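Here is how the chains run, residue by residue.
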Amino acid sequence: MDVTILLLVGLIVLVVILPPILFVHIFLYVQKKLGKRSAPRRAILYLGSIPVWLASLVMIVILRFPVKMDMIPLMKREMAAPAQREAIPRFPWPPPAASSFMTIPLMDFLDRDQPSLDEANRLLRSAFESAGYFELSYYAVPDGFALVSRVERIEPDGRPMAPPHRWEQGGAELSSFSLVGYVRSLFLAPPGYYRLIVFLLTPHPFAQSTRTVSREMAESWLRYGANALPEEISREPYSERFICTALIYEFEKYDTRRDAILRQPGRLSAMAHIEKSEIWRNLQ
Amino acid sequence: MTQLTLPMATCKRRLAALWFAGAGILFFILLIQTIFGRYGERASDAWSWFLPTIMPTLSLVIGVMVMEAIGRKGRSVAVDPFLFRLTFGISAAYMLAVLSIFLLQPFSNVPPFELMNQANFWLGPFQGLVAAAMGAFFVKSPEKKTLPG
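Heads up: these notes are all about the structure in this document. Because the structure is a prediction, the values reported are computed rather than measured.

1. Comments concerning the packing of helix 1 (residues 8-35) of chain B against helix 3 (residues 81-104) of chain B
In helix packing, the relevant descriptors are the interaxial angle and the interaxial distance, both defined with respect to the helix axes.
Residues and elements named next belong to chain B.
Then step 1. One can describe the packing of helix 1 onto helix 3 by two numbers: an axis separation of 10 Å at closest approach and a directional angle of 5°. The pairing of helix 1 with helix 3 is recorded here as roughly parallel in orientation. Seen from helix 1, the contacting residues are Cys11, Arg14, Leu15, Leu18, Trp19, Gly22, Ala23, Ile25, Leu26, Ile29, Leu30 and Gln33; seen from helix 3, they are Phe84, Thr87, Phe88, Ser91, Ala92, Tyr94, Met95, Val98, Leu99, Phe102 and Leu103.
Then step 2. In terms of residue class, the contact of helix 1 with helix 3 is built from 18 nonpolar, four polar and one charged.

And the structure:
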């Protein structure tokens, strides 16, 4: 048996078992010096001190090394792929069912004859940023990547709401005052509309999974994605065999309900979303 | 010097008019909201919040007025105008406070039911003040009996 393991086991025994035993003996010694010692009390002391000491150890460990709940999925991801810590996280594959989707003829918008994935990424990123989407995350998909935007609040026709309401989750119903809008808000229950856009670049055709995604999960995609595309992905050539797919996740939230619900199918087409968000205009 | 006073009956009528007009407006706003599904499946929660804010005082007002209408007409009692104005003002402010919860909610970040729950913190004591003030006018006082001889 390895000496290191023996020492480790011995150390665990010392730390876990020895202190309560020592405590009992010291307690009994002091009691003997002060008064009579009764036999049943020794057994109770042993039975009581060991669990108390173990509970104290657990509390010390928890308080010293707190685990935040939102780190757990990140930890699980790291534990699942320890050899790929240098790579970006993987997007759920096949992707969860979206409200609407469409393919984007990205090749038509690229200037170079033999572009790389990096150029495709720059084009998409530029189109996003010109439309006001500055918070983006990257995920790996089979032989490609996914670019995820932040969940935004939109008008019923698909236009992004004016800032700061655009990025609020559950803000005031009236972003700008109009009498008609006010009367509608007063007597009707207009829901809040939210949208998340994902661009997937991969040469592999796919079918969306039957899984649905909650708004909270969609919001977490932005938090847990990579901030940039790794070089080993970006230097790959981008060709006609690649398919650029826009997945639109559309949510509705009524203020009488706690959670937003994913609309399937969406109220608007994917093209309407891409146009109203001004991404289509920025791609051309 | 003559002290100005107001007849009790006049004060009661004016207070009753304020309460019934205000309660009527609130009632119809909530009714229209319920009909158009403003509160969805939780319409009963909205009514459960609203009715206790007005019904106790309304019941008191209408009850006393009905009793007086069918009972003997006693001597007219004079009321200090300050007390009447104070009661009227408190009642009007209370109505306005309840109305503001409905009218201002579209501008608020707080969902409607959460706003109603929060409003209970300040409407409760406010309603107590209103009840105490209204009690001066709508609680039937015992008639003084004159001894024979």
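2. Structural notes on the pattern of salt bridges
Then step 1. Inspection of the entire model under this criterion finds 13 salt bridges over all chains.
Then step 2. Close ionic contact of A:Glu129 with A:Arg125 constitutes a salt bridge, the shortest N to O distance being 3.1 Å. One end of the pair, A:Glu129, and the other, A:Arg125, are both in helix 6 (residues 117-130), four residues apart, so they sit about a helical turn from each other.
Then step 3. By relative accessible area, A:Arg125 is classed as partly exposed at 21%.
Then step 4. The closest approach of N and O atoms between B:Glu68 and B:Lys12, which form a salt bridge, is 2.2 Å. On the criterion of sequence distance, the pair formed by B:Glu68 in helix 2 (residues 43-70) and B:Lys12 in helix 1 is long-range, its members being 56 residues apart.
Then step 5. A network of salt bridges, in which partner residues are shared, links A:Glu152, A:Arg166 and A:Arg195.

3. Here's the deal with empty space enclosed by the protein
Then step 1. The final tally for this structure, using the stated rule, is one cavity of 30 Å³ or more.
Then step 2. Approximately 70 Å³ is the volume attributed to the largest cavity.
Then step 3. Elements with a contribution of two residues or more to the lining of the largest cavity: helix 7 (179-187) of chain A together with helix 3 and helix 4 (112-138) of chain B.
Then step 4. Split by residue class, the lining of the largest cavity holds seven nonpolar, three polar and one charged.

4. Considering the side chain of A:Arg166
Residues and elements named next belong to chain A.
Then step 1. Within the element layout of this structure, Arg166 appears in the loop between strand 4 (152-154) and helix 7.
Then step 2. Here Ala131 takes part through its backbone oxygen, which lies 3.2 Å from a polar atom of the side chain of Arg166.
Then step 3. Once residues lying within four places of it in the same chain are set aside, the contact partners of Arg166 are Ala131, Gly132, Tyr133, Glu152, Arg153, Pro160 and Met161.

5. Section: the nonpolar core
Then step 1. With 41 residues, the main nonpolar core has B:Trp19, B:Leu26, B:Trp49, B:Phe50, B:Phe102, B:Leu123 and B:Phe137 as its most contacted residues.
Then step 2. When residues of this core are traced back to their parent elements, those giving at least two are helix 7 of chain A together with helix 1, helix 2, helix 3 and helix 4 of chain B.
Then step 3. Looking at which element gives the most residues to this core, the answer is helix 4 of chain B, with ten residues.
Then step 4. Excluding residues within four positions of it along the chain, B:Phe50 makes contact with B:Ala23, B:Leu26, B:Phe27, B:Leu30 and B:Phe102.

The rules we used
- Residues numbered from 1 in each chain as written.
- Chains lettered and ligands numbered in written order.
- Predicted model: local features only at pLDDT ≥ 70, side-chain atom pairs only at ≥ 80, totals over all residues.
- Heavy atoms only, no water.
- Axes fitted to C-alpha atoms, helices over the stretch in contact; angles between N-to-C directions.
- Helix = DSSP H or I, 4+ residues; strand = E, 2+ residues; numbered from the N terminus.
- Parallel < 35°, antiparallel > 145°, perpendicular 65-115°, else oblique.
- Contact = heavy atoms within 4.5 Å.
- Nonpolar A, V, L, I, M, F, W, Y, C, P; charged D, E, K, R; others polar.
- Salt bridge = Lys/Arg side-chain N within 4 Å of Asp/Glu carboxyl O.
- Buried < 20%, exposed > 50% of the residue type's maximum accessible area, 1.4 Å probe, protein only.
- 1 Å grid on protein atoms, 1.4 Å probe; cavity = no way out; pocket = protein on both sides within 12 Å on 5 of 7 lines; lining within 4 Å.
- Points joined across faces, edges and corners; volume = space filled by probe spheres on them.
- Polar contact = N/O pair within 3.5 Å; in protein donor to acceptor, adjacent residues only side chain to side chain.
- Core = buried A, V, L, I, M, F, W, Y, C linked by side-chain atoms within 4.5 Å.

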